[in-house]
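# Report on the structure
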Amino acid sequence: MPLSEDSRYLKGGPVAQRIIAAVREDAAIAKAEGFPPKLISITVGDTDAVDVYVRNQRAKAELAGIDFEERRFPATITAGELEAAIHGLNADPRVTGIIIQRPVPAHIPIKTLQAAVHPLKDVEGMHPASIGNIVYNQLDLAPCTAAASVELLKETGLDLKGLEVVIVGHSEIVGKPIAFLLMSEGATVTVCHHMTRSVAAHARRADALFVAVGKPRLIKADMVKPGAAVIDIGINSEIAPDGSSRIVGDVDTESVREVASWITPVPGGVGPITVAILLRNTMVALSRQRALYEATYGTADRLAAE
Ligand SMILES: Nc1nc(=O)c2c([nH]1)NC[C@@H]1CN(c3ccc(C(=O)N[C@@H](CCC(=O)O)C(=O)O)cc3)C=[N+]21
């Protein structure tokens, strides 16, 4: 049987399509009501690492009926100039959401940039206020990759209450937010990182194993509990002996699929859903902005003014 038809594979495509179809309906209504959604992508310096992501964002935004605009800044820009550009976008009522593509050059402190985005326009969920909302169990606007990974786990139908979850990797953008999202859903969560004594010992206890460390094929079959769900968030480019390059995850998929009940392919797993969640977050941001707008000016005024 070809790998792509294996029922153990948790594919992201169908989930992403479902989310994008719902966003498309929402976006059409918002547009008709005078609030067209618009997403701004910011890239700084060398964009090779994010090109695939940005290309998919543009394609799916167009599909969903969300305006998508790229702002590319040279690597020589200062943090102050970037902050000023972000403040300009914050103040522009036509801009719904702002995503700062990572990585940015080393001289730019990414945290400062994330904090410069107005929380109402923070479609990535990376502003300290947004992360705080996750801790307080307000989960409708979470960091995209983390939310996408949890969405895929839910596809298994496993009951998250009391589920033994192990997360390998504790980054601010993936591992930590996944931990908070799953705690809110009632899972028992263990987070492993580079100082963990035996990642294997923890991983083997997991009913659901999330891996986001950027180490190709780190997770082997003997680190996985039989019947577990394995969510592979890694994106690593690997050079084959013949010199060609391909994308592999952090999980040794060929061996782990013999042990796990569910495993996410790379590519084709978490990635496509990440893009869909970004668009959904844009609609969540828009509805929050509209609620504020309508509370301030009343419902009919904006249409009447146009
Ligand atoms: N602020 C910020 N947030 C991010 O979430 C973020 C980022 N910066 N910088 C780059 C990484 C990478 N990333 C991807 C998301 C989806 C695909 C994706 O759609 N992949 C598809 C398509 C792959 C292909 O077309 O080759 C797949 O896995 O099937 C890829 C990469 C998000 N990241």
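Residues numbered from 1 in each chain as written. Predicted model: local features only at pLDDT ≥ 70, side-chain atom pairs only at ≥ 80, totals over all residues. Heavy atoms only, no water.

Another point: the packing of aromatic side chains. What describes a pair of aromatic rings is the distance from one ring centre to the other and the angle between the planes of the rings. Applying the stated criterion to the full structure yields two aromatic pairs. Between the aromatic rings of F35 and Y293, the centroid separation amounts to 5.6 Å while the plane-to-plane angle is 80°, which identifies the pairing as edge-to-face. One end of the pair, F35, is in the loop between α1 (13-32) and β1 (38-44); the other, Y293, is in helix α10 (residues 270-297), and 258 residues separate them in sequence. Exposure remark for F35: the relative accessible area of 7% places this residue in the buried category. Taken together, a centroid distance of 4.8 Å and an interplanar angle of 50° make the contact between Y293 and Y297 tilted. Taken as a pair, Y293 and Y297 lie in helix α10 at a separation of four residues, close to a single helical turn. (Phe/Tyr/Trp six-rings, centres within 6.5 Å; stacked < 30°, edge-to-face > 60°. Helix = DSSP H or I, 4+ residues; strand = E, 2+ residues; numbered from the N terminus. Buried < 20%, exposed > 50% of the residue type's maximum accessible area, 1.4 Å probe, protein only.)

UniProt's feature table lists "binding site: NADP(+)" (unreviewed entry) at G169, H170, S171 and I235, given in the numbering used throughout. Tracing the backbone through its elements, the reader meets G169 in the loop between β4 (164-168) and α7 (175-184). Residue classification places G169 among the buried positions, given a relative accessible area of 4%. Contact partners of G169, with chain neighbours within four places excluded, come to G175, V191, C192, A212 and V213. Counting through the fold element by element, H170 comes out in the loop between β4 and α7. Given a relative accessible area of 32%, H170 falls into the partly exposed group. Excluding its chain neighbours within four sequence positions, the residues that come into contact with H170 are G175, K176, V191, C192, H193 and H194. (UniProt positions renumbered as here; feature names shortened; annotations may be inferred. Contact = heavy atoms within 4.5 Å.)

For the pair α1 and α10, interaxial distance at closest approach is 9 Å and the crossing angle is 25°. Taken together, the axes of α1 and α10 lie roughly parallel to each other. In terms of crossing hand, the pair formed by α1 and α10 is left-handed. Of α10, the residues touching α1 (which contributes V15, A16, I19, I20, V23, D26, A27 and A30) are P272, I273, A276, I277, L279, R280, M283, L286 and R290. Here the residues of the contact of α1 with α10 are counted per class, giving 14 nonpolar, no polar and three charged. (Axes fitted to C-alpha atoms, helices over the stretch in contact; angles between N-to-C directions. Parallel < 35°, antiparallel > 145°, perpendicular 65-115°, else oblique. Left-handed = near helix turned anticlockwise from the far one by under 90°. Nonpolar A, V, L, I, M, F, W, Y, C, P; charged D, E, K, R; others polar.)

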